[in-house]
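Next come the chains, spelled out residue by residue.
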Amino acid sequence: MMIDHDKSQPRHQYGKTGGADRGYDRDLTVVGGGSFGTALASLAAGNDKKVIMWVRRPEQAAEISEQHTNERYLPGHDLPGDLQATSDMERAVRASRTVIVAIPSKSFRAVTSMLGEYLTGDQVVVHSTKGLELNTHRRMSEILTEETCAKKIGALSGPNLAKEIMGGDPAGCLVASRFAEVRHSLQVIYGGSRFRLYSGHDVVGTEIAGAFKNIVALACGAAHGMGFGQNTVSLLITRGLSEMTRFGLTMGANVFTFGGLAGVGDLVATCTSPLSRNHKVGVRLGKGEPLAEILDSMTQVAEGVPTVAAVQQFAKQRHLNLPIVNGVHALVHEAMKPNDVMRLLMSIPVGQELAVLPHG
Amino acid sequence: MDPEHREELIVEVVQRVLDRQARDDRSAEQALFDTLYHERRRLEHHPDEHGSEASFYDRIYSEATKAAPGRHRELLRKVLQQFANEVDGHFDRRVYAMATKAVPVALNVLLNTLSPLRLVETIQARLAGSADVVDDIGLAGQIEISGHTEQVKRLARIGTTILVPTHSSNLDSVLIGFALHQLGLPPYTYGAGLNLFANPVVGFFIGHLGAYTVDRRKTAPTYKDLLKTYAGATMETGYHNLFFPGGTRGRSGAVEHKLKLGLLGMGLNAYINNLLAGRRRPDIFVVPATINYQLVLEAETLIDDHLKATGKSRYIIEDDEFSRPRRILDFMTKLFSLHSKIDIVVSRPMDVFGNPVDDEGRSLDPKGRIIDRSRYVLTNDVIGHEPQRDREYTRELARSVGEAFHRDTLIKSTNLVSYAAFQALKHKNPKTGLYRLLRSSTERSVSVKDLYRHMEQTHHRVLDLAQAGRVRIDDTVRSQDTVAIVGEALAHLGSYHSNPAIVRKANRILYPDPKLVLYYGNRLSGFGLDDLEA
């Protein structure tokens, strides 16, 4: 049923209890039916929490609610029986105080703008999207601030390959927010499960780390694709971490974030696991396949592809020298041959390894 | 307002501070001795004239050292009571109530006292029987008020407003008082530093325009807590409040971006208390404003203080231009003779979370959708204070206020030309550090051509910023060419200050006081013009 929404009136009139009649009947809403969104929803549902998902297509909602599968994004996995999904954004958003947004960066703004129609100020909104918006270079939490009334915002990031999580492997993740309530809400939802949530304050660093590691994963994938071994991958991971940190510091991040789960933790997982989408794209690029063909054959988004363009644009404006970013950009968006990229990277004059770190 | 109300307010304020600072015997004892330490040390450095304060604190100290644990709380109450009486001392509610009519007269008398010429004109006009003469003469001609004035007038009727202007001069509070009258708004309650009373003429008016007293020499945390609580309590009681969120007058000349969160946060605190008390009109609206001068009365002292070994600037300045009536007179005379306008820009009002509000006082989200702001303070469906959450909300508010300050800053010719002139100087001396540049610039100069070149670049960028709504500009900057803008700026910068900031000699621009050039140009820092800097 559609509720007639009178725009001239506040969505809730305050009384002494601030319009508490809203009565949330779920513990968590997950916006987005991709692999990680589904994994997060399933984990919470499996942890005795009442969860509702919003997905764009009604057929997908029906599949999740009735057949308890999400074949397109998590083939072969059974979802918890009481996990519900809907394509009605209003119903989903009004159901829970805590909302996780797991939407690719490309459509993040459009979806959060819809979300903004129904969100209220008491709700906690956390996103798990690892990317930057192209052209505006906005972080996802900034988009949430620009599109909705939410203030209690956080970012979820860390080494979390959806398939491993669905397989029940123990994993950990970082929830970063300036609001204690946000950090606490998420820890309550996942407390006691096999998914450990650590908390931090540095939203900027967490988001930058999450976005940036996909670029390094593309580079490592390409190295694997070209037949190089672990030395090369390790070189890329370490120097990628250095670039990530340098980039993050100019954005106001805390240097320690990059040494934690959301930084080096996620970097190691994404750059070494064949399950990583960005890594997979990198491998195929390294073998010389054109980008368009690779993307055509994929059902899921490899965030590193748009992110490397956003980061490179931004770094150029700030006169930052990020060789790996430039190399990956040349490989992905300028159709440079993998061997030429590697030659270019290896010919850069050497410098001080730890020059990036602030020292007293 | 009846005196009984005042009693109630003070009792409430003292009790709230006591509840926070003296939760148990141990914290009461600690807060008491800490306060006594700060107060007695203050009196050592600044003895009071009659010695009555010193004997009061000696007495309390003597009792405190002998007191049983439970008694410290009562002694602390006595001290807080003393603080509250001092703070509230100048705040005469009868005057506050009738000040709506008194403000314009008072201010004009003030300015006419400062300007004998004006006084003569006023008398002549009065004799000639002109109506509304009080408003037409003096300040009215010099001050331009623009921005969201109508909305603020509406909101002041349906809720309590907190006016938070930028702060560069002690004249600010006088001008704001005048602007409030011009807008038909009642006077605003505000905390005036004791140093404002150093100027005998201004001190008299300030003391009677709804001001309560802030003694910055008092450093005890309990005193600071009491001040904040007092301001919050007046907000809850429905008094419109005025304070400068930058804390003190900006020293560098730049638009303030680091704002004090303590007082700003009292708006949210009062809002929550109002909701909890079920008040009919619980709403508190925050109204940023910018005060824009072509010349700043105390510019020399302020920039000097800013440049004194970074971080060691004086919090209290009592011996500046403002304490010398003669200097204020010179200043006013210069402004009048140069037809210089002081612009007050009233920003769009916002709620205590930093969201914009509409004409009816409803909060809007970034997309202009109406939202219920009371939901921000719900925890598990119950309204309440959450210190950690509320601090973050206040940080958001401060960010919104800071953005409004920048957006509504009005750039004048002195700012533009000073910025360009300083860039030209730096460009010519690329290897000279800032302090050396400022120290030994008597022999420094640039060609007029160089200044014009830097001016054109800066002007172009500032016009773009204004076009994008990121800053405001005055008519001269908007419509005049480089030569005219430089001409107007030189007339100002070369006239009022002890030494001219810059002067033109034939085809050279000289820098008799480069610090002032830095000061006026700094207004343009924080607008992303860094790439113009050599």
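Residues numbered from 1 in each chain as written. Chains lettered and ligands numbered in written order. Predicted model: local features only at pLDDT ≥ 70, side-chain atom pairs only at ≥ 80, totals over all residues. Heavy atoms only, no water.

**A look at the overall build of chain A**
Point 1. Broken down by element type, chain A carries 15 helices and 8 strands.
Point 2. Counting only residues that meet the buried cut, chain A has 59% of its 360 residues in that class.
Point 3. Residue pairs at least 24 apart in sequence account for 73% of intrachain contacts in chain A once pairs closer than 6 positions are excluded.
Point 4. For chain A, the computed accessible surface area is about 15200 Å², with 53% contributed by carbon and sulfur atoms. (Helix = DSSP H or I, 4+ residues; strand = E, 2+ residues; numbered from the N terminus. Buried < 20%, exposed > 50% of the residue type's maximum accessible area, 1.4 Å probe, protein only. Contact = heavy atoms within 4.5 Å. Areas by Shrake-Rupley, 256 points an atom, 1.4 Å probe, with all protein chains shown as cover.)

**A short note on the overall build of chain B**
Point 1. Along its length, chain B carries 22 helices and 16 strands.
Point 2. Within the span of chain B, comprising 534 residues, buried residues form 57% of the whole.
Point 3. Residue pairs at least 24 apart in sequence account for 76% of intrachain contacts in chain B once pairs closer than 6 positions are excluded.

**Brief notes about the packing of aromatic side chains**
Point 1. Applying the stated rule across the entire model yields 13 aromatic pairs over all chains.
Point 2. Grouped by ring-pair contacts, the aromatic residues Phe-179 of chain A together with Tyr-271, Phe-353, Tyr-376 and Tyr-393 of chain B constitute a single cluster.
Point 3. One residue, Arg-40 of chain B, lies across the ring of Tyr-61 of chain B, its end atom 4.1 Å from the ring centre. (Phe/Tyr/Trp six-rings, centres within 6.5 Å; stacked < 30°, edge-to-face > 60°. Lys NZ or Arg CZ within 6 Å of the ring centre and 35° of its normal.)

**Details of the state of the cysteines**
Linking two cysteines covalently via their sulfur atoms produces the bond known as a disulfide.
Point 1. On inspection of all chains with the given rule, the structure shows 0 disulfides over all chains.
Point 2. Of all cysteine sulfurs, the one in Cys-220 of chain A lies closest to Cys-271 of chain A, which takes part in no disulfide; the gap is 3.7 Å. (Disulfide = S-S within 2.5 Å.)

**A closer look at unusual backbone geometry**
Of all residues except glycine, most have a negative phi; of all peptide bonds, most are trans.
Point 1. Phi is positive for Asn-135 of chain A, close to 70°, though the residue is something other than glycine.
Point 2. By the element assignment, Asn-135 of chain A lies in the loop between strand E5 (124-127) and helix H5 (140-147).
Point 3. By relative accessible area, which is 55% here, Asn-135 of chain A ends up exposed.
Point 4. A positive phi is found at Asn-380 of chain B, a non-glycine position, where the angle reads about 50°.
Point 5. With respect to the secondary-structure elements, Asn-380 of chain B resides in the loop between strand E10 (378-379) and strand E11 (382-383).

**Details of the sheet that holds strand E13 (residues 445-447) of chain B**
Residue and element names in this part refer to chain B.
Point 1. Within the open sheet, the 3 strands sit side by side as E13-E16-E15. Their pairing is antiparallel. This sheet does not close on itself; its edge strands, each paired only once, are E13 and strand E15 (503-505). Within the sheet, the average angular offset between the axes of one strand and its neighbour, ignoring direction, is 30°.
Point 2. In terms of strand pairing, E15 meets strand E16 (residues 508-510) through 3 bridges, oriented antiparallel. By the bridge assignment, Lys-505 is partnered in E16 with Arg-508.
Point 3. Its contacts with the sheet put helix H19 (residues 448-467) on E13, E15 and E16, and the angle it makes with E13 is roughly 75°. (Pairing = 2+ DSSP bridges. Axes fitted to C-alpha atoms, helices over the stretch in contact; angles between N-to-C directions.)

**Overview of the environment of Gly-487 of chain B**
All names here are of chain B.
Point 1. Turning to its location among the elements, Gly-487 is positioned in helix H21 (residues 482-493).
Point 2. Residue classification places Gly-487 among the partly exposed residues on the basis of a relative accessible area of 36%.
Point 3. Sequence separation of Gly-487 and Ser-413 is 74 residues, and the distance between their C-alpha atoms is 8.9 Å.

**Considerations on the confidence of the model for chain A**
It should be kept in mind that the predicted coordinates are not to be read in detail where pLDDT is low.
Point 1. Here chain A averages 89 in pLDDT, while 91% of its residues score no lower than 70.
Point 2. For residues 1-20 of chain A, every residue scores under 50 in pLDDT, and the model assigns this stretch 48 contacts once sequence neighbours within four places are set aside. (pLDDT = per-residue confidence, 0-100.)

**Details of the side chain of Lys-49 of chain A**
All names here are of chain A.
Point 1. Mapped onto the secondary structure, Lys-49 falls in the loop between helix H1 (35-46) and strand E2 (51-54).
Point 2. It turns out Lys-49 is buried and unbridged, and the closest side chain with the opposite charge, Asp-27, is 6.0 Å from it.
Point 3. Beyond its immediate sequence surroundings of up to four residues, Lys-49 is in contact with Asp-27, Ala-44, Val-188 and Ile-189. (Lys, Arg positive; Asp, Glu negative; His and termini not counted. Salt bridge = Lys/Arg side-chain N within 4 Å of Asp/Glu carboxyl O.)

**Focus on the sheet that holds E2 of chain A**
Residues and elements named next belong to chain A.
Point 1. The strand order E3-E2-E1-E4-E5-E6-E7-E8 describes an open sheet built from 8 strands, whose pairing is mixed. Bordering the open sheet on either side are strand E3 (84-86) and strand E8 (195-200), each of which pairs with just one other strand. Strand-to-strand twist of the sheet, defined as the mean angle between neighbouring strand axes without regard to direction, takes the value 25°.
Point 2. Across 3 bridges, strand E6 (residues 153-157) lies against strand E7 (residues 171-176) in antiparallel orientation. The partner of Leu-156 across the bridge, within E7, is Val-175.
Point 3. The strands that H1 touches are strand E1 (28-31), E2, strand E4 (98-101), E6 and E8; relative to E2, the one it contacts most, it runs at about 165°.
Point 4. Taken strand by strand, helix H10 (residues 261-272) contacts E6, E7 and E8, and its axis lies near 145° from that of E7.

**Points about H1 of chain A**
For an α-helix, the turn length of 3.6 residues means that residues three or four places apart are oriented alike.
All names here are of chain A.
Point 1. For H1, which comprises 12 residues, the first-to-last C-alpha distance of 16 Å matches the rise-based estimate of 16 Å (1.5 Å per residue) to within 8%.
Point 2. Here H1 lies mainly inside the structure; 11 of its 12 residues are buried.
Point 3. Following H1 by one or two positions, Asp-48 adopts a phi angle in the positive range, close to 65°. (Expected span 1.5 Å × (residues − 1).)

**Some thoughts on helix H17 (residues 413-428) of chain B**
Point 1. Its 16 residues give H17 of chain B an end-to-end C-alpha distance of 22 Å, which sits within 8% of 22 Å, the value for a rise of 1.5 Å per residue.
Point 2. Of all 16 residues in H17 of chain B, 13 are buried; the element is thus mostly enclosed.

**What to know about the nonpolar core**
Point 1. If you look at the biggest cluster of nonpolar residues, it comprises 143 residues, and the most contacted ones within it are Tyr-190 and Phe-195 of chain A together with Ile-502 and Tyr-511 of chain B.
Point 2. By residue number, the principal contributor to this core is H17 of chain B, which donates 8 residues.
Point 3. Among the nonpolar cores identified, the runner-up in size contains 46 residues, and Val-216, Val-281, Leu-285 and Met-342 of chain A belong to it. (Core = buried A, V, L, I, M, F, W, Y, C linked by side-chain atoms within 4.5 Å.)

**Considerations on the pairing of E8 of chain A**
Walk down a regular strand and you will see the side chains alternate between the two sheet faces.
Residue and element names in this part refer to chain A.
Point 1. Pairing geometry for E7 and E8, over 6 bridges, is parallel. Considered in E8, the bridge of Gly-172 is made with Arg-196.
Point 2. Handedness of the crossover is the feature at issue here: the chain leaves E7, passes through helix H7 (residues 180-190), returns alongside E8, and the resulting connection is right-handed. (Right-handed = clockwise from strand over helix to strand, strands pointing away.)

**Points about the pattern of salt bridges**
Pairing between side chains becomes possible if they bear opposite charge and their charged atoms approach one another.
Point 1. Applying the stated criterion across every chain, the model contains 48 salt bridges over all chains.
Point 2. Salt bridges linked by common partners bring Arg-109, Glu-133, Arg-138, Glu-146 and Glu-147 of chain A together with Lys-367 of chain B together as one network.

**Some remarks on the packing of helix H13 (residues 261-276) of chain B against helix H16 (residues 387-407) of chain B**
Residues and elements named next belong to chain B.
Point 1. In the contact formed by H13 and H16, the axes pass within 9 Å of each other and the chain directions differ by 120°. Viewed along their axes, H13 and H16 form a crossing whose handedness is right-handed. Along its contact with H13, which presents Leu-261, Leu-264, Gly-265, Leu-268 and Ile-272, the element H16 presents Arg-389, Asp-390, Tyr-393, Thr-394, Arg-395, Leu-397 and Ala-398. (Left-handed = near helix turned anticlockwise from the far one by under 90°.)

**Brief notes about the side chain of Gln-123 of chain A**
Point 1. Considering the arrangement of structural elements, one finds Gln-123 of chain A in the loop between helix H4 (105-115) and E5.
Point 2. A distance of 2.9 Å separates the side chain of Gln-123 of chain A from the backbone nitrogen of Thr-120 of chain A, its partner in a polar contact. (Polar contact = N/O pair within 3.5 Å; in protein donor to acceptor, adjacent residues only side chain to side chain.)

**With respect to the packing of helix H8 (residues 203-225) of chain A against helix H9 (residues 230-250) of chain A**
What describes two packed helices is the angle between their axes and the distance between those same axes.
Residues and elements named next belong to chain A.
Point 1. Two numbers describe how H8 lies on H9: the axes approach to 9 Å, and their chain directions differ by 155°. Comparing their axes, H9 and H8 come out roughly antiparallel. Taken as a pair, H8 and H9 cross one another with a handedness that is right-handed. Residue-level inspection shows Ile-208, Ala-209, Phe-212, Lys-213, Val-216, Ala-219, Cys-220, Ala-223 and His-224 of H8 in contact with H9, the latter providing Gln-230, Thr-232, Val-233, Leu-236, Ile-237, Gly-240, Glu-243, Met-244, Phe-247 and Gly-248.
Point 2. The class makeup of the residues in the contact of H8 with H9 is 12 nonpolar, 5 polar and 2 charged. (Parallel < 35°, antiparallel > 145°, perpendicular 65-115°, else oblique. Nonpolar A, V, L, I, M, F, W, Y, C, P; charged D, E, K, R; others polar.)

**What about the environment of Arg-279 of chain B?**
All names here are of chain B.
Point 1. In this fold, Arg-279 is placed in the loop between H13 and strand E6 (284-292).
Point 2. The contacts of Arg-279, once residues within four sequence positions are left out, are Glu-236 and Asn-274.
Point 3. Of the polar contacts made by the side chain of Arg-279, one reaches the side chain of Asn-274; its length is 2.6 Å.

**Here we look at the environment of Tyr-419 of chain B**
Point 1. Its place among the elements puts Tyr-419 of chain B in helix H17.
Point 2. The spatial distance from the C-alpha of Tyr-419 of chain B to the C-alpha of Gly-521 of chain B is 3.8 Å, given a sequence separation of 102 residues.

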